[in-house]
Amino acid sequence: MTKSTPHGGDNAPDPGLTRLNALTAEDLRTELAQCLDIDRWVRALASEAPFPDRDTLLKHADTHARTITGEEVAGALARHPRIGEKAKGKNTEAGWSRGEQSAFAAGTDDATAKVQRVFAFAQEEYEDRFGQIYLVCASGRGPRDLLTDLVERLYNDRDTELAVVGDELRKIAGLRLVKLLESA
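Nothing here was measured: the structure is a model prediction, and the numbers come from that model. (Residues numbered from 1 in each chain as written. Predicted model: local features only at pLDDT ≥ 70, side-chain atom pairs only at ≥ 80, totals over all residues. Heavy atoms only, no water.)

Student: When you look at the packing of helix H5 (residues 70-77) against helix H10 (residues 158-182) in this model, what are you seeing that I'm missing?
Tutor: Geometrically, a packed helix pair is captured by the angle between its two axes and the distance between the axes. Two numbers describe how H5 lies on H10: the axes approach to 9 Å, and their chain directions differ by 55°. When the interaxial angle is binned, H5 and H10 end up oblique. Relative to H10, H5 is oriented so that their crossing is left-handed. In this structure, H5 uses Gly70, Val73, Ala76 and Leu77 to contact H10, whose residues at the interface are Leu162, Val165, Gly166 and Leu169. A breakdown of the residues in the contact of H5 with H10 according to their chemical character gives 6 nonpolar, 2 polar and no charged. (Axes fitted to C-alpha atoms, helices over the stretch in contact; angles between N-to-C directions. Helix = DSSP H or I, 4+ residues; strand = E, 2+ residues; numbered from the N terminus. Parallel < 35°, antiparallel > 145°, perpendicular 65-115°, else oblique. Left-handed = near helix turned anticlockwise from the far one by under 90°. Contact = heavy atoms within 4.5 Å. Nonpolar A, V, L, I, M, F, W, Y, C, P; charged D, E, K, R; others polar.)

Dropping the structure here:
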């Protein structure tokens, strides 16, 4: 049995993959950096182009992202807004960020507003404790879920938290890479 993919099946052309494979090395690195702005990851993944299929690209992206270091986390965080803040700019990456956080800001009832206020307080505690923004793969996750995650992560030591953030960056990169492929 063959696995069905969003682009129409294993034998159908994948316009997103075709577009990426046709880019110059520099343009490909620019596109990949929108998914995860870690130079080592971008260069390693770009060096494997052209990609034979979408699954191979996604698998290799995930593999390279599993080795994110603490130093790389710090650099990558500079491109991410705090949860609850809208990403500035009109570029693709800012648009993705706004969409990923949309569930957090979606609730307008009093209970949700209270959770968001508590979240803002806990987020300040996190930043004081770890000296960086709280980063999570927020896509589809509401305020209560994110608050629970944030409070649990406040108990981590620095090294554990850097590893957790690296894994969250890996998840975000995977989602954004699919969006990049679907944007063709």
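Once the structure has been displayed, the description carries forward.
Student: In this structure, what is going on with the packing of aromatic side chains? I would like to understand it.
Tutor: When we look at a pair of aromatic rings, we describe it by the centre distance and by the angle of the planes. Counted according to the given criterion, the structure contains 3 aromatic pairs. Here the aromatic rings of Tyr126 and Phe130 are separated by 4.8 Å at their centres, their planes lie at 50°, and the arrangement is tilted. Linking Tyr126 with Phe130, this pair stays in helix H8 (residues 110-130), spanning 4 residues, or about one helical turn. Residues Tyr126 and Phe130 agree in their burial class; the two are buried. On the numbers, 5.5 Å between centres and 75° between planes, the contact of Tyr126 with Tyr134 is edge-to-face. In this structure, Tyr126 and Tyr134 share a single accessibility class: buried. (Phe/Tyr/Trp six-rings, centres within 6.5 Å; stacked < 30°, edge-to-face > 60°. Buried < 20%, exposed > 50% of the residue type's maximum accessible area, 1.4 Å probe, protein only.)

Student: Where do I start with the pattern of salt bridges in this structure?
Tutor: Any two side chains of opposite charge can pair, on the condition that their charged atoms come close. Within this structure, the stated rule accounts for 14 salt bridges. One salt bridge in this structure joins Asp62 and Arg170, with 2.5 Å as the shortest N-O distance. Here the residue Asp62 occupies a position in helix H4 (residues 54-65), and Arg170 occupies one in helix H10, the gap between them amounting to 108 residues. Looking at Asp62, the relative accessible area reads 24%, which means it is partly exposed. A relative accessible area of 13% places Arg170 in the buried class. A salt bridge links Lys171 to Glu168; the nearest nitrogen and oxygen atoms lie 3.1 Å apart. Of the two residues, Lys171 and Glu168 are both situated in helix H10; the distance of 3 residues between them amounts to about one turn of the helix. Judged by its relative accessible area of 34%, Lys171 falls in the partly exposed class. For Glu168, a relative accessible area of 6% puts it in the buried group. (Salt bridge = Lys/Arg side-chain N within 4 Å of Asp/Glu carboxyl O.)

Student: When you look at the environment of Ala78 in this model, what are you seeing that I'm missing?
Tutor: Relative to the helices and strands, Ala78 is located in the loop between H5 and helix H6 (92-100). Sequence separation between Ala78 and Asp37 is 41 residues, and the spatial gap between their C-alpha atoms is 9.2 Å.

Student: Sorry, what's going on with the environment of Val165 here?
Tutor: Position of Val165 among the secondary structure elements: in helix H10. Of the residues examined, Val165 reaches a relative accessible area of 0% and is grouped as buried. For the pair Val165 and Ala74, spaced 91 residues apart in sequence, the C-alpha separation works out to 9.6 Å. Aside from chain neighbours lying at most four places away, what touches Val165 is Val73, Leu77, Tyr126, Gln132, Leu135 and Arg153.

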